[in-house]
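# Analysis of the macromolecular model
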Amino acid sequence: MDLLKQYINRKFGIDENKFLEVLIKSPGAEGYILGNLGEELFKEYANSIGYEALRIKEKPEGGNNAKSEDARGDFYIRKIGSTKDEWLVVECKGVKSNAEKRSGLTKTSSCLTLLNKHAIERVKHVESINNSGNRNYEKAKEDWEKKNSNKFPKFRWNKENPGAGVPDLTGLWKSKDEIAKWLKTFKEEEFDENAFWDLTAPIRLLQTHMPSTRIDTETKIKSTGPLVSEFNILCVDLFLKTGKHELVFVNSADLNHQAKSPNHLQQNYTIDILTAKENFQRHKLLKPWYDDLDLCIQETKPRYRKLDKSQLDGR
């Protein structure tokens, strides 16, 4: 603790109590620290299972214009001992802190609708999302091909887990009425924003958050969300919603793209929905998500890339 006290005093000129007071009032600063912590924990994990991990600069000299399109992630990785110039780019993210508020779950009626779709009517819900995605894609394809001579990229959604993801809560309740009765066992304040922040609410959404805006070089479509090609593997730290630094992985090429722009990823993917009914235990991950980096790479076979040394961070 003496080292931390000395660091805070040297860097900020205040004592640790004042530093803590300011930090608590600065969610952006907390988020930045958690983001960097997630990256360090990924690097430790990768090393522990036999990968070297080279950090990629957030902004190389020359700014964003000097950022390689093939290195828009946080790390290059490859197996320790390999001499091949074959690397995978990994992007590290945390889960969305206000996912429940954005989804309207501060109202029990919205919670009921969400849980019913995932627990009772999941088959119908999956079909509806697939149909809606296909309609939006076909309309975008038709409009685009009227103005362009080449073909629009193909539609590549996972039909069992479409769109932004449909976690499977089947069997947790027997009917919508049963869900409604369960929700009524909680007080109104247990659904407010602070309850979700404090992890005392009865529901937790594990959602990604990738708000960057990109222009697809193939279609020239501009949309909010990274491009599928920017990185090979997305690593997500679940800490904000589980209280533990658990990492999950996905091949970016296997994520369901935006319906209207097949080369863009979506901003938010729902990895899982945790409930107090199960003591917030995680469910078995649905494809394309994995708990194991090695297995993710072995089964999904991401495309290797060449190392661009100009993108490396020497820290």
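Coordinates for the structure precede this section.
Let us now look at the pairing of strand 3 (residues 88–94). Taken residue by residue, a regular strand's side chains alternate between the two faces of the sheet. Burial within strand 3 is extensive, with five of its seven residues counted as buried. Inspection of the sheet shows strand 2 (residues 75–79) paired to strand 3 by three bridges, in the antiparallel sense. Paired with Ile77 across the strands is Leu88, a residue of strand 3. Across five bridges, strand 3 lies against strand 7 (residues 233–237) in parallel orientation. Residue pairing for strand 7: Glu91 is matched across the bridge by Leu234.

On to the packing of helix 5 (residues 108–119) against helix 7 (residues 176–183), then. Between helix 5 and helix 7, whose axes approach to 10 Å, the crossing angle comes to 140°. Considering the angle they form, helix 5 stands oblique to helix 7. The interaxial crossing formed by helix 5 with helix 7 has right-handed handedness. Residues Thr108, Cys111, Leu112, Leu115, Asn116 and Ala119 of helix 5 pack against Lys176, Ile179, Ala180, Trp182 and Leu183 of helix 7. Counted by class, the contact of helix 5 with helix 7 contains eight nonpolar, two polar and one charged residues.

What follows covers the pattern of salt bridges. The final tally for this structure, using the stated rule, is 17 salt bridges. The salt bridge partner of Arg72 is Glu69, with a shortest N-O separation of 3.3 Å. Classification of Glu69 as partly exposed rests on a relative accessible area of 43%.

Before going further, it helps to spend a moment on the sheet that holds strand 2. With respect to topology, five strands assemble into an open sheet ordered 1-2-3-7-8, the strand pairing being mixed. Looking along the sheet, the strands with just one partner apiece sit at the ends: strand 1 (51–55) and strand 8 (247–251). Averaged over all pairs of adjacent strands, the angle between their axes in this sheet comes to 30°, without regard to strand direction. Sheet analysis places strand 7 next to strand 8, joined by five bridges and oriented antiparallel. Bridge pairing in strand 8 places Ile233 opposite Asn251. This element, helix 3 (residues 27–48), spans strand 1, strand 2, strand 3, strand 7 and strand 8 of the sheet and lies at about 150° to strand 1. In this fold helix 10 (residues 293–300) packs onto strand 1, strand 2, strand 3, strand 7 and strand 8, with an angle of close to 10° to the strand it touches most, strand 8.

Let us look at helix 10. Taken together, the buried positions of helix 10 are occupied by Leu293, Asp294, Cys296, Ile297 and Thr300. All buried residues of helix 10 fall inside an arc of 165° around its axis, so they share one side. Tucked into the core, helix 10 has its buried residues touching helix 3, strand 1, strand 2, strand 3, strand 7 and strand 8. Structurally, the start of helix 10 carries an N-cap: the backbone nitrogen of Asp294 is 2.9 Å from a side-chain oxygen of Asp292. The first or second residue beyond helix 10 is Lys301, which carries a positive phi of 50°.

Cut-offs used in this document
Residues numbered from 1 in each chain as written. Predicted model: local features only at pLDDT ≥ 70, side-chain atom pairs only at ≥ 80, totals over all residues. Heavy atoms only, no water. Buried < 20%, exposed > 50% of the residue type's maximum accessible area, 1.4 Å probe, protein only. Helix = DSSP H or I, 4+ residues; strand = E, 2+ residues; numbered from the N terminus. Pairing = 2+ DSSP bridges. Axes fitted to C-alpha atoms, helices over the stretch in contact; angles between N-to-C directions. Parallel < 35°, antiparallel > 145°, perpendicular 65-115°, else oblique. Left-handed = near helix turned anticlockwise from the far one by under 90°. Contact = heavy atoms within 4.5 Å. Nonpolar A, V, L, I, M, F, W, Y, C, P; charged D, E, K, R; others polar. Salt bridge = Lys/Arg side-chain N within 4 Å of Asp/Glu carboxyl O. Arc of directions from axis to C-beta. Polar contact = N/O pair within 3.5 Å; in protein donor to acceptor, adjacent residues only side chain to side chain.

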